[in-house]
Amino acid sequence: MFEHYRVYPTYRPHHKSNTLCTAISLAILALSAGSTQAQPAQAAQSEVEEVIVTGSYIRRSEGLNAASPITQLTAEDLEAEGTVNMAQIVQNLTFNIGTGVSNSIQGTTNQIAAFNLRGLGTSATLELIDGKRVPTDNVQRMMPTIAIQRMDIVTDGAAALYGSDAVAGVVNMVPYTSYDGFKLEYYEEGDSEGDFREIQTSFIAGKSFNDVDIVVAGSYRDGGQLRWNERPDLARAGLTHNSGANPANWNVPRRDASGQLTGASASLPEPSCGSVVDDQMSTGNNPFGVLALGRCWLSFGDTRDFIEAMDVGSLYGNLNWDVSSDLTLSAQLLWSRQIVRGRENAGNPGARVAELPIVRGELPGNPFRAMTSTGQELFAEPARDGAGNIVLDGLGRPLPLRGSDGQVVLAANQLAPMGTDPLGGVPFYEDVIFGAWLPFGKLGGNTLPSSFGSDGTNREDDDQRALRMAFTADFTVPYISGWEGTAFYVYGSDNNQDLMNQNFSFSAVEQGLSCDVVNQVESCFNPFGAVDPDLRNSQEVANSVAPRNRRDDFNRIQTLDVIFNGTIPTGRFSLPGGEIGAAIGYQRRDEEIDDDPALSNQLNDQLIGSRLLPQKEDRFVNAWFAEILLPILDNLEFSAAVRDEDFSTGQGDTVNKFGIVYRPTDWLQLRATVGEAFVAPTLTQITRQETCGLSNVNDPFTPFSGFVTSCIGGNPDLQSETSDSTSIGFDLTLIDGLTITANWSKTEFDDRIVSTTTEDIIRSDFRKFQEYSGFVPTATNPFPSVALLQQWVNNPLSDRRVIRSPTDITTVARINQSDSNASSMDVEAFDLQIGYTRDIGRFGSIRANLTGTFVDVYDFRLSEFDPERDAVGKQNNPFGAVPAIPEIMANLRLGWSLGRHTVNATVRYVDEVDFDANEFSFQRFFPDNNFRSNANGEISAWTQLDMFYTYQGLNLAGLGELTFTLGSRNLTDRQAQKTGQTSGLEAQLQSSLGRVIYARASFDF
């Protein structure tokens, strides 16, 4: 599979002096004092035996490994993973926790995946390409996989060398910078049920022209789609109904037995709600909602995807030019574009309904017929024009008379129509107030915007692009023997051009509700379900409510680095192990965000969310570092590094790291590190305007459950997250072909920046309420009374971030979130890697590789007011800051090769975790559900078998060679465990795909 450490020699030739080298070397001229004369010419040859690997800037001999634990994956290792999806490769790493490949709405997505070493958060893992920072950490669109020569993963803190973000470790993707030939690759995979298919075509080409090396690579991935209704049994087990709906739930005024308004109101579902289709996975099912638990619900199981359709294109280019024997220049280009074509339900709750006008009874489509408390229909005095004629609306219906107070005037005989009693009146409908409402429902319930899909779903169209250019100069430093330098400049940008699909127009809804029902009834907006086709919205009105505005957000990063490395002259003194190695360097980093929100946000014309204005913020970072390597003995090295990093926004830190490597015998090497690291808050975390999105909430105070608006803004008082890390390990080679690597690491992560989830906030508020009131839920009394809830809402001890509907406090309208330096974590883990290779003569060769991670400790505290919790072996679903933490994750790979034939089998194991998520037990009351209670249970251990066969070296009529691979992931078709969560599975740990069969064909010309 992959080895703990491999040496890839990097030859850096001595160069002649020139003006550029002289100018750059002035910074280290002081080191030349007492320097010896230049080494003999044959010394240059010995430098081929020296390498620079991720985790150090000092060249070292092949005899000793670095003190930091390093895992390296070669291009062959990546191919053996049986996928071109980098998210899948990242999820397979045993020391990476919390990365998913399925879209579960909350928590994981197939669009974005980043390394999350030790589960400490994606921001705590620094991702590099060729040792340089990147504008996006989304490995899905970072670079063509075919261009990756190897991947170095340092699994301890490395901020002393690389700066902010290297708390959990560093991932460095090392691309090919020299390649001879042309390789074309075709990859296709699909699930055994025929629901999912994905194709990627890639190429890499390279050639040397005297002193110039050119490499070009590219890939295009046609990502497939897997819908929830293509895994119906799985989806039905999870949350598929939302209490925000259309038809909706409205606040309707109450009347007494005589028909007079009482001043009270009741939350009622629309009368049309409840035309139930049993199959909730069929396209467009239940267009008029599902009536259950006294509310109208949206059935959205047919509108979502486990894997959203996604196209990803990426290009890579590299040019190396040996200008002379003392200078090498290189240029590197990376470009990628990811287009997502997802599906969402027609609308999301959490709209600014409190700002909308009351929905008049005269509005065409209003279904709430005015009645007495005993259920008798009421009639009103008709409205008349100046000539005494009854005023009719544009649909020919009589309008009721309204008094000076704006209320409908009841007829003298309010219980009879005027056609049967001269004192009677005309029918009328109640003025109602929005409750849990969506502007659109499902296909067939009312007119949908033209931008919606043919299946009635609200299309997601995201366009994300990344660009990175790097220019590097490698040179020898004049006058100082043994010193070399590197200077590079990097420009990177990440551009999101997403088409906003849930940003409905507030003004269009407001105008449509305030329309002239007499003269311009066609301009009215009917917010209700329309059983009568004549009462449906016009296409023009529907389109005006759902404009498709695009946002255009840029993140940019520029770095300028100058690094020198070599040996320190010590005159007559020398260490028994050799010369003292050193590296020093400087980095200037500029970061910028340039956000251009959607036009509707800029105009404050969004129905969901808050106003956003164009924003441009920037900051710069100055950093200095130094590293030293002391070869105390031939088999004993000590290393130390220090870095000072200062941010213009006020953050910064000085951190250090120490390491030791001891090799008492040829077959044993011991190593250890201790160091500090930090993560500076991002510009967005500090300066962002308040933005609002969607979050799923299960209200412990009431039966309310569903999506609400959640908003978060910047916090300029944020400080850096800090950590202390320790690692101890050994490398053991007892017999030829057998290598054993073990490592223990500990990370104490303090002041971690936490964006508390909406569920965290509302559950914390409920705990405070219980302490205050003494309320204990029971089977017969699961929720506090409305009066008790009102008392708590009025209590200053309640959390003001939880905002309830002003007309119905049982409905959560919005929850405001905030970033803060609140969390601390203490993680201890053991990593084990065992590799064995044996030649069995004419029967070929066999190999075995075992990698595993055992998490011994993962203690966390969300804030100073929260208790310390143990995350190991738990799902940790209620706590957004911590992913599911299996105690053991392991991969065992067995392989056999004979001539042109290769067979590999990999067994992947993920330990069980305690189930602690909200299982949405109310789902059992809905038709066609597959709910099964998992309360106090567990997410079972996951074991998966992957296999592939490869035939290589098939000659193509002298044009080149073909290598063909046929394989399967999850060969036994293991199905994900059904849970009551959204999407029906724990997507961090298990897959919705089932068995996947793939083929790869590579042509080398």
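Residues numbered from 1 in each chain as written. Predicted model: local features only at pLDDT ≥ 70, side-chain atom pairs only at ≥ 80, totals over all residues. Heavy atoms only, no water.

## Points about the overall build of the protein chain
Moving on, step 1. When helices and strands are counted, the protein chain shows twelve helices and 45 strands.
Moving on, step 2. Its C-alpha atoms give the protein chain a radius of gyration of 33 Å, within 12% of the compact-globule value 30 Å for 1005 residues.
Moving on, step 3. With the principal axes as the frame, the protein chain shows a C-alpha extent of 120 × 60 × 55 Å.
Moving on, step 4. With 1005 residues in all, the protein chain has 56% of them scored as buried.
Moving on, step 5. Long-range contacts, defined as pairs at least 24 residues apart, comprise 73% of the intrachain contacts of the protein chain with a sequence gap of at least 6.
Moving on, step 6. Only carbon and sulfur atoms are counted for the fraction: they give 54% of the accessible area of the protein chain, which is about 39,100 Å².
Moving on, step 7. In the protein chain, which carries 75 positive and 126 negative side-chain charges, the distance between the mean positions of the two groups comes to 2 Å. (Helix = DSSP H or I, 4+ residues; strand = E, 2+ residues; numbered from the N terminus. Rg over C-alpha atoms; globule rule 2.2 N^0.38 Å. Buried < 20%, exposed > 50% of the residue type's maximum accessible area, 1.4 Å probe, protein only. Contact = heavy atoms within 4.5 Å. Areas by Shrake-Rupley, 256 points an atom, 1.4 Å probe, with all protein chains shown as cover. Lys, Arg positive; Asp, Glu negative; His and termini not counted. Charge placed at Lys NZ, Arg CZ, Asp CG, Glu CD.)

## Observations concerning the pairing of strand β39 (residues 888-898)
Moving on, step 1. The pairing of strand β37 (residues 845-861) with β39 spans ten bridges and is antiparallel. Among the inter-strand pairings, L850 is bridged to a residue of β39, identified as L892.
Moving on, step 2. As paired strands, β39 and strand β40 (residues 901-910) are joined by ten bridges and run antiparallel to one another. Bridging across to β40, A890 finds its partner in Y909. (Pairing = 2+ DSSP bridges.)

## Things to note about a nonpolar patch on the surface
Moving on, step 1. A cluster of nonpolar side chains, namely F209, I214, V216, L319, W321, V323 and L329, defines an oily patch on the protein surface of about 530 Å² accessible area.
Moving on, step 2. Residue assignment for the nonpolar patch shows that the elements contributing at least two residues are β10 (212-223) and β18 (309-324).
Moving on, step 3. With three residues, β18 is the largest single contributor of residues to the nonpolar patch.
Moving on, step 4. Along the chain, L319 turns up in strand β18. (Patch = residues over 30% accessible without salt bridge, like charges linked within 9 Å, V, L, I, M, F, W, Y side chains within 5 Å. Salt bridge = Lys/Arg side-chain N within 4 Å of Asp/Glu carboxyl O.)

## Here we look at the environment of G529
Moving on, step 1. On the secondary structure map, G529 appears in the loop between α7 (506-513) and α8 (539-545).
Moving on, step 2. G529 sits in the buried class, given a relative accessible area of 9%.
Moving on, step 3. Along the sequence, G529 and S992 sit 463 residues apart, while their C-alpha atoms lie 34 Å from each other.
Moving on, step 4. Not counting chain neighbours up to four residues away, the residues in contact with G529 comprise N246, P247, E270, S272, F288 and G445.

## Observations regarding the sheet that holds strand β13 (residues 249-255)
Backbone hydrogen bonds are what pair the strands of a sheet, in a parallel or an antiparallel way.
Moving on, step 1. Here three strands make up an open sheet; going across it, the order is β14-β13-β22 and the pairing antiparallel. The strands lining the two open edges of the sheet, one partner per strand, are β14 (261-269) and β22 (433-434).
Moving on, step 2. Here β13 pairs with β14 via six bridges, running antiparallel. By the bridge assignment for β14, V252 is matched with A266.

## Here we look at a negative patch on the surface
Moving on, step 1. Where like charges cluster on the molecular surface, the negative patch consists of D856, E887, E912, D914 and E938.
Moving on, step 2. Mapped onto the elements, D856 comes out in strand β37.

## Observations regarding the pattern of salt bridges
Moving on, step 1. Scanning the entire structure with this criterion turns up 49 salt bridges.
Moving on, step 2. Measuring nitrogen to oxygen at the nearest pair gives 2.7 Å for the salt bridge that ties D195 to R231. Taken together, the residues D195 in the loop between β8 (181-191) and β9 (197-209) and R231 in the loop between β11 (226-227) and α6 (232-236) connect sequence positions 36 residues apart.
Moving on, step 3. Among the ionic pairs, E198 bridges to R221, the shortest N-O distance being 3.1 Å. Residue E198 is located in strand β9, and its partner R221 is located in strand β10; the two are separated by 23 residues in the primary sequence. Accessibility classification places E198 together with R221 in one group, the buried group.
Moving on, step 4. Sharing partners across several salt bridges, the network here consists of R589, E591, R619, R643 and E645.

## Here we look at the confidence of the model for the protein chain
Moving on, step 1. Scored by pLDDT, the protein chain comes out at a mean of 89, with 94% of its residues at no less than 70.
Moving on, step 2. Taken as a whole, residues 1-49 scores under 50 in pLDDT and shows 115 contacts with residues more than four places along the chain or in a different chain. (pLDDT = per-residue confidence, 0-100.)

## Topic: the state of the cysteines
Moving on, step 1. Under the defined criterion, the tally for this structure stands at two disulfides.
Moving on, step 2. One disulfide bridge connects C273 with C296, the sulfur atoms lying 2.1 Å from each other. The sign of the 95° torsion about the S-S bond sets the C273-C296 disulfide as right-handed. One end of the pair, C273, is in the loop between β14 and β15 (290-292); the other, C296, is in strand β16 (residues 295-299), and 23 residues separate them in sequence.
Moving on, step 3. With a relative accessible area of 8%, C273 lands in the buried category. (Disulfide = S-S within 2.5 Å.)

## Observations concerning the pairing of β40
Moving on, step 1. Linkage of β39 to β40, two consecutive antiparallel strands, is achieved through a turn of two residues, within which G899 is found at a positive phi near 60°.
Moving on, step 2. Bridge count for β40 against strand β43 (residues 942-955) is ten bridges, and the pairing is antiparallel. Across the sheet, A905 pairs through a bridge with M947, a residue of β43.

## Some words on the sheet that holds strand β12 (residues 241-242)
Moving on, step 1. Strands sit in the order β12-β16-β15 across an open sheet of three strands; the sheet is antiparallel. Among the strands making up the open sheet, the edge pair consists of β12 and β15.
Moving on, step 2. Of the strand pairs in this sheet, β12 and β16 are connected by two bridges, and their pairing is antiparallel. Looking at β16, one finds that N242 is bridged to L298.

## Some remarks on the side chain of E627
Moving on, step 1. Residue placement: E627 occurs in strand β27 (residues 615-633).
Moving on, step 2. By relative accessible area, which is 6% here, E627 ends up buried.
Moving on, step 3. Here S56 takes part through its side chain, which lies 2.8 Å from a polar atom of the side chain of E627.
Moving on, step 4. A polar atom in the side chain of E627 sits 2.9 Å from the backbone nitrogen of Y57.
Moving on, step 5. For E627, the contacting residues outside a window of four places in its chain are G55, S56, Y57, I58, L161, G581, A582, A583, A640 and A641. (Polar contact = N/O pair within 3.5 Å; in protein donor to acceptor, adjacent residues only side chain to side chain.)

## Notes on unusual backbone geometry
Moving on, step 1. Backbone torsion omega between N246 and P247 reads 0°, so that peptide bond is classified as cis.
Moving on, step 2. Within the fold, P247 resides in the loop between β12 and β13.
Moving on, step 3. One non-glycine residue with positive phi stands out, namely L293, at about 55°.
Moving on, step 4. With respect to the helices, strands and loops of the structure, L293 is situated in the loop between β15 and β16.
Moving on, step 5. We note that Y479 has phi near 75°; this positive angle belongs to a residue other than glycine.

## A look at the packing of aromatic side chains
Moving on, step 1. Overall, the coordinates contain 32 aromatic pairs when judged by the stated rule.
Moving on, step 2. Between F701 and F766 the ring centres are 5.0 Å apart and the planes differ by 90°, which places this aromatic pair in the edge-to-face class. Placement of F701 in the loop between β31 (691-698) and β32 (705-713) and of F766 in helix α11 (residues 758-773) is noted, with a sequence separation of 65 residues between them. Considered together, F701 and F766 belong to a single accessibility category, that of buried residues. (Phe/Tyr/Trp six-rings, centres within 6.5 Å; stacked < 30°, edge-to-face > 60°.)

## Some remarks on α11
Moving on, step 1. Between its terminal C-alpha atoms α11 stretches 22 Å, which fits the 22 Å expected from 16 residues at 1.5 Å a residue.
Moving on, step 2. G774 occupies a position one or two residues after α11 and carries a positive phi of about 80°. (Expected span 1.5 Å × (residues − 1).)

## Structural notes on the nonpolar core
Moving on, step 1. Counting residues in each nonpolar core, the largest one holds 90 residues, and the members touching the most others are F115, L120, M151, I153, M173 and Y858.
Moving on, step 2. In terms of nonpolar packing, the next biggest core, distinct from the first, is built from 35 residues, L356, V509, V545 and L607 among them. (Core = buried A, V, L, I, M, F, W, Y, C linked by side-chain atoms within 4.5 Å.)

## Concerning the environment of H901
Moving on, step 1. Locating H901 in the fold gives a position in strand β40.
Moving on, step 2. With a relative accessible area of 32%, H901 lands in the partly exposed category.

## Overview of the environment of R197
Moving on, step 1. With respect to the element layout, R197 can be found in strand β9.
Moving on, step 2. Assessed through its relative accessible area of 51%, R197 is described here as exposed.
Moving on, step 3. One polar contact links R197 to E188, side chain to side chain, over a distance of 2.6 Å.

## Describing the side chain of Q606
Moving on, step 1. The residue Q606 is located in the loop between α9 (599-602) and β27 in this model.
Moving on, step 2. Beyond its immediate chain neighbours, meaning those up to four positions away, Q606 contacts R352, N503, F504, F506, S600, N601 and R611.

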